[in-house]
Amino acid sequence: MHSDHVEHIGVVKEVSFNTISIAVEEPCQCEGCSIAIVCMGKSDKEADVINIPRPRGAERDSFHTGDRVRLEAASGSKIKASFWAFILPTVILLACVLLLQSYAPRLGALLTAVAAAGAVAVYELILYLFRKDLAMSVTWQIRHC
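Only a predicted model underlies this, so the values are computations on that prediction, with no experimental measurement involved.

Chemist: Please clarify how helix H2 (residues 108-129) should be interpreted in this entry.
Modeler: Since the α-helix packs 3.6 residues into each turn, any two residues three or four apart lie on the same face. With 22 residues, H2 should cover 32 Å at 1.5 Å per step; its first-to-last C-alpha distance of 32 Å lies within 8% of that length. Of the surrounding elements, those touching the buried residues of H2 are helix H1 (75-103) and helix H3 (131-135).

And the structure:
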């Protein structure tokens, strides 16, 4: 991984109608990755397999099982992931605290904090439920090595 983009080198494991599965050669460091929240990430079946949307256009049929490839997600994906993972939950938390303190001041600080944390928890649940749709929104560039 580089600071301006996320990069993996691997081997095409499977090509389906909509996705390409790539077995990554080096261990994925998803824990520290900024796009881990929207990246398809690790497959349930195998620890270091990344599933990406199959490219459209001329290169669509040029990837076959066993091909060595390089995956890159540009900085735009990092910005989008930061928005979904950090910025929007912070906005939700602050908005809940401010609205509850303004319109229901009798709740007190503890109940306001619990309600705001609950709102963020609901957001995180929704994010989790739509994780595959968000994963497909990451723009991956796939190239032969």
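Chemist: Quick question: what am I supposed to make of the side chain of Asn51 here?
Modeler: Within the secondary structure layout, Asn51 lies in strand S3 (residues 49-53). On the basis of relative accessible area, Asn51 is assigned to the buried category, the value being 17%.

Chemist: Before we go on, may I ask you to explain the pattern of salt bridges in this structure?
Modeler: Note on pairing: side chains with opposite charge can pair once their charged atoms come close. Taken as a whole and assessed by the stated rule, the structure comprises three salt bridges. With a shortest N-O distance of 2.7 Å, Glu7 and Arg70 are connected by a salt bridge. Residue Glu7 is found in strand S1 (residues 6-15), and its partner Arg70 is found in strand S4 (residues 68-73); the two are separated by 63 residues along the sequence. Glu7 gets classed as buried once you look at its relative accessible area, which sits at 15%. For Arg70, a relative accessible area of 29% corresponds to the partly exposed category. With a shortest N-O distance of 2.1 Å, Glu25 and Arg68 are connected by a salt bridge. A residue pair is termed long-range when its members are at least 10 positions apart, and Glu25 in the loop between strand S2 (19-24) and S3 and Arg68 in strand S4 qualify at 43 residues. Here Glu25 falls in the partly exposed class, since its relative accessible area comes to 45%. What makes Arg68 partly exposed here is its relative accessible area of 41%.

About the cut-offs
- Residues numbered from 1 in each chain as written.
- Predicted model: local features only at pLDDT ≥ 70, side-chain atom pairs only at ≥ 80, totals over all residues.
- Heavy atoms only, no water.
- Helix = DSSP H or I, 4+ residues; strand = E, 2+ residues; numbered from the N terminus.
- Expected span 1.5 Å × (residues − 1).
- Contact = heavy atoms within 4.5 Å.
- Buried < 20%, exposed > 50% of the residue type's maximum accessible area, 1.4 Å probe, protein only.
- Salt bridge = Lys/Arg side-chain N within 4 Å of Asp/Glu carboxyl O.

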